[in-house]
Amino acid sequence: MSETLHLKLPFLEAAQAQKHVTVNESLRALDALVQLSVKSRALAAPPATPGDGDRYIVAGAPTGAWAGAAGKVAAFTDGAWSFFAPQTGWRAYDEGAGEFVAYAGSGWAKEPSGASVTSPHGAATTLAILEGDHTIAAGSSNDTSFAIPDRAIVLGVTGRVLTAITGASSWNLGVAADATRYGNGIGAGAGSTVIGPSGTPVTYWGATALRLSSVGGSFTGGKVRLAVHYVALGCVGA
């Protein structure tokens, strides 16, 4: 075996010349990956003027010096890019988005905030919040790009208008099956808020987008931030 199993750090060979080269290569990899924090995971091409030590998670369909490195960690050291293939369980802080992300084997995803209670055999109850911003498109209704997770037991949804909503005098918040489940007649001005508790906790059997519906005219613009407050159940281990 010429390298470690997980981080792929090169081993020193018996009677190897230039040992410091191999050791320094391992140290650079450790420095790039331990306590991992990346500038962004939204770029598909390297920045024009990266700083020494800057790290990124490469976005889909990358180009230029990042071609073929989608999903990998790109680290800029000593004037060159190095790439590291993530493994299941890797965790990173996305400085640009201000959130933690984790690699689950097929891609990086935002970690829901929350706290868990876990049994000795792995059964878990997690209180979590899924938060996302939605830029409102023209029309009478909008579905958010982020969704309530499958089998989430939703306690309620809260939100704030970040940029004044135009075209409508107010708006409703719910889901396709119930357009006002989490609020109706909500203010359209910047800073307006909604606190929409579920009448009783609602379980969603499948990923479900939130729906914003206009009142008094169709939407023409605006931006909101919404947070789904929910409980998630984890399966007991074998």
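1. Describing the sheet that holds strand 5 (residues 91–94)
Reading across from one edge, 1-5-6-7 is the order of the four strands in this open sheet, with mixed pairing throughout. On the outer flanks of this sheet lie strand 1 (37–38) and strand 7 (108–110), each paired with one strand and no other.

2. Description of the sheet that holds strand 3 (residues 73–77)
Here three strands make up an open sheet; going across it, the order is 2-3-4 and the pairing antiparallel. Whereas interior strands pair on both sides, the edge strands pair on one side only; in this sheet they are strand 2 (55–57) and strand 4 (80–84). Pairs of neighbouring strands in the sheet enclose a mean axial angle of 25°, with direction left out of account. Both strand 2 and strand 3 contribute to a ladder of three bridges, which runs antiparallel. Across the sheet, residue Tyr 56 finds its bridge partner in strand 3, namely Ala 74.

3. Describing the pattern of salt bridges
Counted by the stated rule, this structure contains eight salt bridges. The shortest N-O distance in the salt bridge between Lys 39 and Glu 95 comes to 3.6 Å. Here the residue Lys 39 occupies a position in the loop between strand 1 and strand 2, and Glu 95 occupies one in the loop between strand 5 and strand 6 (99–103), the gap between them amounting to 56 residues. Overall, Lys 39 belongs to the partly exposed group, its relative accessible area being 36%. Here Lys 110 and Glu 99 are joined by a salt bridge, their closest N and O atoms 3.7 Å apart. On the criterion of sequence distance, the pair formed by Lys 110 in strand 7 and Glu 99 in strand 6 is long-range, its members being eleven residues apart. Taking relative accessible area as the criterion, Lys 110 reaches 32% and is therefore assigned partly exposed. Residue Glu 99 is classed as buried on the basis of its relative accessible area, which comes to 16%. The network of salt bridges with common partners includes Arg 41, Asp 94, Glu 99 and Lys 110.

4. What to know about the pairing of strand 15 (residues 208–215)
Sheet analysis places strand 10 (residues 141–148) next to strand 15, joined by five bridges and oriented antiparallel. By the bridge assignment for strand 15, Asp 143 is matched with Arg 211. Here strand 12 (residues 170–175) runs beside strand 15; their pairing, made up of five bridges, is antiparallel. Among the inter-strand pairings, Trp 171 is bridged to a residue of strand 15, identified as Ser 214.

5. Notes on the environment of Ala 123
Residue placement: Ala 123 occurs in the loop between strand 8 (113–118) and strand 9 (124–135). Each C-alpha atom of the pair Ala 123 and Leu 233 lies 7.6 Å from the other, and the pair is 110 residues apart in sequence. When neighbours within four sequence positions are excluded, Ala 123 is seen to be in contact with Val 117, Thr 118, Gly 234, Cys 235 and Val 236.

Reading guide: rules and limits
Residues numbered from 1 in each chain as written. Predicted model: local features only at pLDDT ≥ 70, side-chain atom pairs only at ≥ 80, totals over all residues. Heavy atoms only, no water. Pairing = 2+ DSSP bridges. Helix = DSSP H or I, 4+ residues; strand = E, 2+ residues; numbered from the N terminus. Axes fitted to C-alpha atoms, helices over the stretch in contact; angles between N-to-C directions. Salt bridge = Lys/Arg side-chain N within 4 Å of Asp/Glu carboxyl O. Buried < 20%, exposed > 50% of the residue type's maximum accessible area, 1.4 Å probe, protein only. Contact = heavy atoms within 4.5 Å.

Functional significance is not addressed by these values, which are geometric in nature.
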